[in-house]
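What the coordinates show
Given next are the chains, with one letter for each unit.
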Amino acid sequence: MKTILTLIAVSLFSFGTFAQDVAEIIRKADEKFRGESSRGQTTMIIERPNWSREISMKTWSLGNDYSLIYITAPAKEKGQVFLKRENEMWNWVPTIERMIKIPPSMMMQSWMGSDFTNDDLVRESSLEKDYNHKLLGEENIDSYECYKIELIPKPDAPVVWGKILMWISKDEFHWLRGEYYDEDENLVNIEILSEIKTMDDREMPTRMEMIPADKEGHKTVLIFDEIEFNVDLDESFFSQQNMRRIR
């Protein structure tokens, strides 16, 4: 009897420990794109059956709570700025000289007409803190052995997805695939990450494709052209005043 109880205690301890490890795997994969702080240049290509358009931008981030995006092209959108500061998101539109607050109810809406949502770009929610995690198994993606992980939102968490599946490589912690489901567990978007390169001090996927599950011929590609990590930034940089000045 004592042996059985010991085995049960060890099993429970191991389960709790691995649950923490799954959260750590997600944190490491997400952190590859952020660092403690970052500065970079990114290209977004929106593809549709009969046309495509390209958006260029500069990006800055500080931890999970602060990010700023400045549109550099095309000319029509140049100068627009998006700011995330803790739990708030703002958009500066220079053509009308107006500061627009983006409410939580709009986080699921398309960002700049792309297949990414507002939440995808500034990540208001936290993959590590706002979801419960479960290891579903292991699968091979592009010759990488990957953990397949299910994320279910915690009660009252400020999230836009009903469920997320993630595939993260076991040794390198490369985030290689994501599937996003609505509250009824219908598949909405498929995310494919590829073209792993050395960017500053780390290897990471540099091409991110977001593909709607029910819209044939629709796709948005996000390419990390340049990125520096752990740069000198502080919270004061991420202000509404700086949104008007940034270039």
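Preceding this section is the structure that the text describes.
Attention in this report is confined to the structure presented alongside it.

The subject of this paragraph is a negative patch on the surface. On the surface, Asp65, Glu86, Asp232, Asp234 and Glu235 cluster together into a negatively charged patch. Exposure remark for aspartate 232: the relative accessible area of 76% places this residue in the exposed category.

Membership of the largest hydrophobic core comes to 39 residues, with the highest contact counts inside it found for Met44 and Trp111. Apart from residues no more than four positions distant in its own chain, tryptophan 111 is found in contact with Met44, Met57, Ile69, Ile71, Phe82, Phe116, Thr117, Asn118 and Leu121. Listed in part, the 16 residues of the second largest apolar core include Val81, Leu83, Trp90 and Ile246.

Right, let's talk about the pairing of strand S10 (residues 175-181) for a bit. Of all the seven residues making up S10, six are buried; the element is thus mostly covered by neighbouring parts of the structure. Strand direction decides the pairing type here: strand S9 (residues 163-169) and S10, joined by six bridges, are antiparallel. From the neighbouring strand, tryptophan 167 faces S10, where its bridge partner is arginine 177. The antiparallel hairpin formed by S9 and S10 contains five residues in its connecting segment, where phenylalanine 173 sits at a positive phi of about 60 degrees. As defined by bridge partners, S10 adjoins strand S11 (residues 187-199) across five bridges and the pair is classed as antiparallel. Residue pairing in the sheet places arginine 177 in a bridge with isoleucine 192 of S11. The hairpin formed by S10 and S11 contains five residues between the paired strands, and glutamate 185 there has a positive phi angle of roughly 65 degrees.

The next thing to look at is the pairing of strand S13 (residues 219-229). Summarising the sheet, strand S1 (residues 37-47) and S13 pair through ten bridges and their orientation is antiparallel. For isoleucine 45, the partnering residue across the bridge sits in S13 and is valine 221. Looking at chain direction, strand S12 (residues 202-212) and S13 are connected through four bridges and run antiparallel. Paired with glutamate 209 across the two strands is valine 221, which belongs to S13.

Moving on, we come to the packing of aromatic side chains. Summed over all chains, the structure comprises seven aromatic pairs. Between phenylalanine 33 and tryptophan 175, the aromatic rings sit 6.3 Å apart at their centres with planes inclined by 80 degrees, giving edge-to-face as the arrangement. Note that phenylalanine 33 is positioned in the loop between helix H1 (2-31) and S1 and tryptophan 175 in strand S10, a separation of 142 residues in sequence. Across this residue pair, the class does not change: phenylalanine 33 and tryptophan 175 are buried. Across the ring face of tyrosine 181, the terminal group of lysine 163 is positioned such that the distance to the ring centre comes to 4.5 Å. Over the ring of tryptophan 92 we find arginine 244, and its NZ or CZ is 4.9 Å from the ring centre.

Our next topic: the pattern of salt bridges. Under the criterion given, the structure shown has 14 salt bridges. Salt-bridge contacts for glutamate 88 lead to lysine 101; the nearest nitrogen and oxygen are separated by 3.3 Å. Placement of the pair is glutamate 88 in strand S5 (residues 88-93) and lysine 101 in strand S6 (residues 98-102), with a sequence separation of 13 residues. Residue lysine 101 is classed as partly exposed on the basis of its relative accessible area of 45%.

Note that the residue after alanine 73, namely proline 74, is joined by a cis bond; omega there is 5 degrees. As for its position among the elements, proline 74 is in the loop between strand S3 (66-73) and strand S4 (81-85). Even without a glycine there, the phi angle at glutamate 185 is positive, about 65 degrees. Mapped onto the fold, glutamate 185 is located in the loop between S10 and S11.

Here we come to the environment of lysine 219. Structurally, lysine 219 can be placed in strand S13. Linking lysine 219 and glutamate 86, residues 133 residues apart in sequence, is a C-alpha distance of 29 Å. Those residues in contact with lysine 219 that sit more than four places away from it in its chain are Ile45, Ile46, Glu47, Arg48, Asp115, Glu209, Met210, Ile211 and Pro212.

About the cut-offs
Residues numbered from 1 in each chain as written. Predicted model: local features only at pLDDT ≥ 70, side-chain atom pairs only at ≥ 80, totals over all residues. Heavy atoms only, no water. Patch = residues over 30% accessible without salt bridge, like charges linked within 9 Å, V, L, I, M, F, W, Y side chains within 5 Å. Areas by Shrake-Rupley, 256 points an atom, 1.4 Å probe, with all protein chains shown as cover. Salt bridge = Lys/Arg side-chain N within 4 Å of Asp/Glu carboxyl O. Lys, Arg positive; Asp, Glu negative; His and termini not counted. Charge placed at Lys NZ, Arg CZ, Asp CG, Glu CD. Buried < 20%, exposed > 50% of the residue type's maximum accessible area, 1.4 Å probe, protein only. Core = buried A, V, L, I, M, F, W, Y, C linked by side-chain atoms within 4.5 Å. Contact = heavy atoms within 4.5 Å. Helix = DSSP H or I, 4+ residues; strand = E, 2+ residues; numbered from the N terminus. Pairing = 2+ DSSP bridges. Phe/Tyr/Trp six-rings, centres within 6.5 Å; stacked < 30°, edge-to-face > 60°. Lys NZ or Arg CZ within 6 Å of the ring centre and 35° of its normal.

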